[in-house]
Each structure stands twice: as C-alpha cells, then as structure tokens.
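Listed here are the chains, written in short residue letters.
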Amino acid sequence: MKDSLREKLDQIVDRYEEVTHLLSDQAVMGDSDRFRALSIEHSELSEYASAWSQFGELETELKVTSEMLRDPDLGEMKQMTLDEAQNLKEQLEELEEALKLMMLPKDPNDKVPAFLEVRAGTGGDEAAIFAGDLFRMYSRFAEAQGWQIEVLSASEGEHGGYKEVISRVSGSGVYGRLKFESGAHRVQRVPQTESQGRVHTSACTVAVMPEVEIDDTVDIKSGDLRVDTFRASGAGGQHVNKTDSAIRITHLPTGTVVECQQERSQHANRDKAMKMLASKLVNAKVQAQVDAASEMRRDLVGGGDRSERIRTYNFPQGRLTDHRINLTLYKLDSIIEGDIGELLDALSREHQADLMSGAES
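Residues numbered from 1 in each chain as written. Predicted model: local features only at pLDDT ≥ 70, side-chain atom pairs only at ≥ 80, totals over all residues. Heavy atoms only, no water.

Caption draft 1: Representation of the overall build of the chain. Looking only at helices and strands, one finds nine helices and 11 strands in the chain. Within the chain, residue pairs in contact and separated by at least 24 positions form 59% of the contacts whose partners lie at least 6 positions apart. If you sum the accessible surface of the chain, you get close to 20100 Å²; carbon and sulfur atoms cover 47% of it. (Helix = DSSP H or I, 4+ residues; strand = E, 2+ residues; numbered from the N terminus. Contact = heavy atoms within 4.5 Å. Areas by Shrake-Rupley, 256 points an atom, 1.4 Å probe, with all protein chains shown as cover.)

Caption draft 2: Quick look at a negative patch on the surface. Together, Asp3, Glu7, Asp10, Asp14 and Glu17 line one region of the surface with negative charge. Tracing the sequence through the fold places Asp3 in helix α1 (residues 3-23). What makes Asp3 exposed here is its relative accessible area of 61%. (Patch = residues over 30% accessible without salt bridge, like charges linked within 9 Å, V, L, I, M, F, W, Y side chains within 5 Å. Salt bridge = Lys/Arg side-chain N within 4 Å of Asp/Glu carboxyl O. Lys, Arg positive; Asp, Glu negative; His and termini not counted. Charge placed at Lys NZ, Arg CZ, Asp CG, Glu CD. Buried < 20%, exposed > 50% of the residue type's maximum accessible area, 1.4 Å probe, protein only.)

Caption draft 3: Region of the structure containing the packing of helix α3 (residues 32-69) against helix α4 (residues 77-102). Interaxial distance between α3 and α4 falls to 9 Å at its minimum, and their mutual angle equals 155°. As far as their axial angle goes, α4 and α3 are roughly antiparallel. The interaxial crossing formed by α3 with α4 has left-handed handedness. Its residues assigned to classes, the contact of α3 with α4 comprises 15 nonpolar, four polar and seven charged. (Axes fitted to C-alpha atoms, helices over the stretch in contact; angles between N-to-C directions. Parallel < 35°, antiparallel > 145°, perpendicular 65-115°, else oblique. Left-handed = near helix turned anticlockwise from the far one by under 90°. Nonpolar A, V, L, I, M, F, W, Y, C, P; charged D, E, K, R; others polar.)

Caption draft 4: Main features of the pattern of salt bridges. In this structure the tally under the stated criterion is 25 salt bridges. Where Arg168 meets Glu211, a salt bridge forms, and the shortest distance between an N and an O atom there is 2.5 Å. With Arg168 in strand β3 (residues 162-170) and Glu211 in the loop between β5 (200-210) and β6 (225-230), this residue pair connects regions lying 43 residues apart in the sequence. Summarising the burial analysis for this pair, Arg168 and Glu211 share the class buried. The salt bridge involving Arg177 is made with Asp345; its shortest N-O contact spans 2.9 Å. Placement of Arg177 in helix α6 (residues 174-178) and of Asp345 in helix α9 (residues 341-360) is noted, with a sequence separation of 168 residues between them. One network of salt bridges, with partners in common, ties together Glu117, Arg119, Glu164 and Lys280.

Caption draft 5: Here's a closer look at unusual backbone geometry. Despite not being glycine, Asn326 has its phi angle at roughly 55°, a positive value. Mapping Asn326 onto the fold places it in the loop between β10 (319-322) and β11 (327-329).

Caption draft 6: Representation of the sheet that holds β11 within the structure. One open sheet accounts for eight strands, arranged β2-β3-β1-β5-β4-β9-β10-β11; its pairing is mixed. The open sheet has two edge strands with one neighbour each: β2 (148-156) and β11. Taken over all neighbouring pairs, the strand axes of this sheet differ in orientation by 15° on average, direction set aside. Note that strand β4 (residues 183-189) and β5 share seven bridges and pair antiparallel. Within β5, the residue paired with Val187 across the bridge is Ser202. (Pairing = 2+ DSSP bridges.)

Caption draft 7: Representation of the nonpolar core within the structure. Ranked by internal contacts, the top residues of the largest apolar core, which has 36 residues, are Leu116, Leu134, Met137 and Tyr313. Considering each element in turn, this core owes the most residues, eight residues, to helix α5 (residues 124-145). Filtering out sequence-adjacent residues up to four positions away, Tyr313 remains in contact with Phe130, Leu134, Met137, His185, Arg186, Val187, Gln188, Arg319, Leu320, Leu332 and Ile336. Leu22, Val28, Ala49 and Leu99 belong to the second-largest nonpolar core, a separate cluster that totals 23 residues. (Core = buried A, V, L, I, M, F, W, Y, C linked by side-chain atoms within 4.5 Å.)

Caption draft 8: Inspection of the confidence of the model for the chain at higher detail. Residue-level pLDDT values for the chain average 84, and 87% of them are 70 or greater. Below a pLDDT of 50 lies the segment residues 235-241, which in the model reaches eight contacts outside its immediate sequence neighbourhood of four places, other chains included. Between residues 292-307, whose pLDDT stays under 50, and residues either more than four places distant or in other chains, the model counts 33 contacts. (pLDDT = per-residue confidence, 0-100.)

Caption draft 9: Region of the structure containing the packing of aromatic side chains. All told, the structure shown has four aromatic pairs when counted by the stated rule. With a centroid separation of 5.3 Å and an interplanar angle of 70°, the aromatic rings of Phe130 and Tyr313 are classed as edge-to-face. In this pair, Phe130 sits in helix α5 while Tyr313 sits in strand β9 (residues 309-314), placing the two residues 183 residues apart along the sequence. For the ring pair Phe141 and Trp147, a centre distance of 5.7 Å and an interplane angle of 85° mean the geometry is edge-to-face. When sorted by exposure, Phe141 lands in the same class as Trp147, which is buried. Here Arg189 stacks its cationic end above the ring of Phe315, 4.8 Å away from the centre of that ring. Between the NZ or CZ atom of Arg248 and the centre of the ring of Phe230, over which it lies, the distance is 4.4 Å. (Phe/Tyr/Trp six-rings, centres within 6.5 Å; stacked < 30°, edge-to-face > 60°. Lys NZ or Arg CZ within 6 Å of the ring centre and 35° of its normal.)

Written out as structure tokens, the structure reads:
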C-alpha cells in the first residue's frame, strides 16, 4: 500500500477518535445540532476506522507468520504455515482494494432524491409504449428498494405508455443508484400493431437529475420567471379540472420549462416545480462542464448525454446490451419487470474502476 494512502487513513482514524471523544463531552451533548452533525460524521468514519484497524491486524499476523517460516525446525508445520501466509496475503489484498474504493471521491449528490424523466423519442406510438415500459421498470425497482416514487407530470400516449412522464424518486441513495441511467434507450421488438411480424426499432430518452436545494449556487431571479397556472388534467377526483392549481414555470433566460399538477394546492405545485427548475439549471451547468471537458465522459460512464445510445433492449432475442460497458444480459423479461440491480452494479463497478485508474496514474 502506498504511503500516501496510509497517511490519509491514519488522519481519518485520528479524526474518528477525536469525534468519539467529542461525543462524550457535556457541552457537545447539550448542543443538539452539533451532536447530530458529529454523530453522522462518527458513523461515516467508523467504517474507515474499522477496516484500517483490521488491515493492521492482518499485517501483524502476516509478519509473525513470515518470521515463523524462517525457523529451520518447523518440520511438518511448514506447509501449514505457508498456507496461512498465503491466506493472509490474499485477505490483505482484498482489504486494500476495499480501502482504495472507500477513499475514492464521493459524489455529494449520491444520497439525495432524484427527478426521473422518461420521454418517447423516434418510433411514434411504439416509442410511447416503450416509455411506459421503462417507467414501470424503474417504478418496480424503486418499490423493491423501499423508495417512494411520485409522478409530477405526465402526458399519455394515444395507444398506451407516455409521451413524457416526470417523477420524483425519494429514499436512501436514490441518485447514486440511478444516475447512470441518463441517455438514449433503444428497443427492438414487434409492436402489437404490426400485422406482418416485423421487428421495429424505437427509442426513448431518460434523464436522472439530483434534487438540489435552492441556494446561492442556483441564481433564480423572480424577474426571470414566467409563472402560468392551469387546470390539472387527468382521470378521477373531484378536484380535477375545477381549480387552476397546476403550475408551469418558464425560466426566460434559458427557456427551461417545468410544470407540476399532482398536488391539490397551487403553493405545493409551485414549490415542487421550483425544485425541478433548480435541478434542471444545475444539471445544465454540470453538463456544460462535461461537454467542455471530453476526457470526463468516461468517468461519467456516458451519463447525461441524451444523444448517445447507451442501451438496447432486444425482445426477440431476450437480450439487453449496455453499450458503454459492453455488458450483455439474456434476462430481458425480468429486467423489464424491474430486476435491474445487476445492471446498476456493473455500471457502478466500471465507474469505480475508472476513478481508481485515474487515482493511480
């Protein structure tokens, strides 16, 4: 292990011990905000401290075992000692890789809720139906994770699915799990309306954006906004189409438009629409930086570039291919029903490998 990494881990352990001591201080215990902040920090640092302590114990065991191997009188115990030394080396290698991963830069947005947008692209009615399939896939995955998914705005297709559906997904680690889903998704299958049995190709775009707090980093001036109210559309409910509670906000400098019509009150719809607008503006800034620095594209595993085809869903062959990481899975039926954990894990590992390569170069 590099000395620089050892030094960083030692510093983390020092801070962990300092925070542990502070949490038992009466003054800190009497300050609820500080105590809460330190408790969160303590929980985050404990994983590093525990792994680094375990690494040190294994190194000590290996040193003792290596010294035993120098004993010329080991006799029948030599092979057993050799096996033990090899086992310790393998454990150390695995733990070192785990520690390197833990030390990689963290995306501060990984833990926040996200806005998930699915839009039908080329392909007409079939694209809208596929957009509905994708949204259902993400919804079922979200439910399996214990997340909450809330539709903020939807435009249904004439023959099912959606021309566009915008939702908010909240829960533990939502954005970090879904962020690599942004991009163009292509489907190859025989539409229900196809009488000749021919395979058609359609496409949808998916955008996943972290929900950001409106603060000084997001400069939204009231004079730059046009706010329109209209009656919510959709099936059911006495409230529908009776009051102008739905909100559409246009950010005039950028032409960015957001709308929300799911809440009963105009105030609640405006609040959610403003959060969506802030997220879109921040995402646009980030994307501009990514576009200006092409070398960052691989680190982002293609995330955010909607013109880039990231994945193909081939129904006749039951095959899904993610073109960014050359991953092919022959389990399309279960994937389209929400079983996307293996796929998301593979994208995350590739991203970590890229970060690791950059850190070691």
